[in-house]
Amino acid sequence: MRRDVFQAIADPTRRAIILLIALQAMTPNALAAHFDTSRQAVSKHLRILTECDLLKQKQTGREIYYELNGTKMKEIDKWIEQFKKIWDNRFTQLDDVLLTLKNKKK
Amino acid sequence: MNPDLTYDFIVDKENNVITVKREFAAGVPLVWDAYTKSEILDQWWAPKPWKAETKKMDFKVGGTWLYAMRGPAGEEHWSIAQYTTIEPQKKFIGVDAFTDSNGTINPELPQSTWEVTFAPKGEHTLVEMKITYPSLAQLEETIKMGFKEGLAMGMENLDALLPTLKK
């Protein structure tokens, strides 16, 4: 099942998982040690994050390590960049409007 | 964009807050009017080639601003701002929602709280907008809608802007 990347980061535990994995690749057990919730709950969050392509699994010996998928994280930044552009545009218009109003007053 | 004017755009994904800080080359009274008088808002609130058109403006606590964003192909999106706090020439807080042309709020679309503060900076004004969303999903929805509008701004729009930037 494909999930939305924003759904993935809407949950505080999942955001914490992302932050931890951003520092270094981790096994599910090592991750679970950071949370009060059950190992099952952490596994569920990991599954959702993997389904969103935010995490990648890497097999090292017997252990499965989770690491961050940087490309997907950039998608979020791309949306934000678009939002910023709209404000750029608005503000440039406001600059013009203010200039006109100032000149009228003189 | 004028490179001499301060412009910060910070997205706090943890708390679902977008903070936009921008300096304007005019005094507080004029910039305050530009944000609170519909006849001036209509001139800049919509990103080109979209146009903002006010249907009703009642700038007071408990009052509302009902307006449409009109697109070049006849699209229209209605929004309402409900003002909850007003401190003249200092700050106002409003709740923003998407509506129909009668101002009936669409509960399925994102709502956001806008805290807008005005501070003098020499002869200029520094405006800080704190836009808070109830959830990251709603923030995403807004960004997607903005993305649509952003695409509508053609390259000719940029061409039109460049000469005014050179002034």
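Keep in mind it's a predicted model, so treat the numbers as computed, not measured. (Residues numbered from 1 in each chain as written. Chains lettered and ligands numbered in written order. Predicted model: local features only at pLDDT ≥ 70, side-chain atom pairs only at ≥ 80, totals over all residues.)

> Describe the overall build of chain B, and please don't skip the residues or the numbers.
Scanning chain B from N- to C-terminus turns up four helices and eight strands. Starting at the N terminus and ending at the C terminus, chain B contains elements arranged as β-β-α-α-β-β-β-β-β-β-α-α. Taken across its 167 residues, chain B has 22% of its residues classed as buried. Considering only contacts in chain B between residues 6 or more positions apart, those separated by 24 or more positions represent 38%. (Helix = DSSP H or I, 4+ residues; strand = E, 2+ residues; numbered from the N terminus. Buried ≥ 20, exposed ≤ 12 C-beta atoms within 10 Å, placed from the backbone. Contact = placed C-beta atoms within 7 Å.)

> Explain the environment of Trp44 of chain B to me, and be specific about the residues and the numbers.
Mapping Trp44 of chain B onto the fold places it in helix 2 (residues 38–44). A residue is classified by how many C-beta atoms lie within 10 Å of it, and Trp44 of chain B, with 21 of them, is buried. Counting along the chain gives 10 residues from Trp44 of chain B to Ala34 of chain B, while the straight-line C-alpha distance between them is 8.6 Å. Residues contacting Trp44 of chain B, with those up to four places away along its chain left out, are Arg90, Gln93, Leu94 and Val97 of chain A.

> Before we move on, can you summarise the confidence of the model for chain B with the specific residues and values?
Residues and elements named next belong to chain B. Overall, the prediction assigns chain B a mean pLDDT of 81, with 80% of residues at 70 or greater. At the low end of the mean pLDDT range in chain B sits helix 4 (residues 155–166), at 37; at the high end sits strand 7 (residues 112–121), at 95. A low-confidence stretch, residues 147–167 stays under pLDDT 50, and its non-local contacts, those more than four residues away or across chains, total 20 contacts. Predicted complex metrics record ipTM = 0.72 and pTM = 0.66. (pLDDT = per-residue confidence, 0-100.)

> Could you give an account of the pairing of strand 2 (residues 17–24) of chain B, with specific residues and numbers?
With six bridges joining them, strand 1 (residues 7–12) of chain B and strand 2 of chain B adopt antiparallel strand pairing. Bridge pairing in strand 2 of chain B places Asp12 of chain B opposite Val17 of chain B. (Pairing = 2+ DSSP bridges.)

> Talk me through unusual backbone geometry; I want residue IDs and the actual numbers.
For Asp53 of chain A, which is not glycine, the phi torsion reads 70° and is therefore positive. Note on placement: Asp53 of chain A falls in the loop between helix 4 (39–51) and strand 1 (55–60). The phi torsion at Gln89 of chain B lies on the positive side, around 60°, for a residue other than glycine. Tracing the backbone through its elements, the reader meets Gln89 of chain B in the loop between strand 5 (76–87) and strand 6 (91–99).

> An account of the environment of Ile80 of chain B is requested, with residue identities and associated values reported.
All names here are of chain B. Mapped onto the elements of the fold, Ile80 is located in strand 5. The class of Ile80 is buried, set by 22 C-beta atoms lying within 10 Å. The contact partners of Ile80, leaving out residues within four places of it in the chain, are Thr64, Trp65, Leu66, Ala97, Thr99, Gly103 and Ile105.

> Tell me about helix 2 (residues 12–23) of chain A, residues and numbers included.
All names here are of chain A. Its 12 residues give helix 2 an end-to-end C-alpha distance of 17 Å, which sits within 8% of 16 Å, the value for a rise of 1.5 Å per residue. Every buried residue belonging to helix 2 is among Arg14, Ile17 and Ile21, and all of these are buried. For helix 2, the arc enclosing every buried residue in end-on projection is 55°, short of the 170-degree limit, so these residues lie on one face. Residues of helix 2 that are exposed and point over 90 degrees away from its buried face: Pro12, Leu19, Ala22 and Leu23. (Expected span 1.5 Å × (residues − 1). Arc of directions from axis to C-beta.)

> Got a sec to walk through the packing of helix 2 of chain A against helix 4 of chain A? Specific residues and values, please.
Residues and elements named next belong to chain A. Orientation of helix 2 relative to helix 4, taken along the N-to-C sense of each, is 75°, at an axis distance of 10 Å. One way to sum up the angle between helix 2 and helix 4 is to call them roughly perpendicular. In this structure, helix 2 contributes Thr13, Arg14 and Ile17 to the contact, and helix 4 contributes His45, Ile48 and Leu49. The class makeup of the residues in the contact of helix 2 with helix 4 is three nonpolar, two polar and one charged. (Axes fitted to C-alpha atoms, helices over the stretch in contact; angles between N-to-C directions. Parallel < 35°, antiparallel > 145°, perpendicular 65-115°, else oblique. Nonpolar A, V, L, I, M, F, W, Y, C, P; charged D, E, K, R; others polar.)

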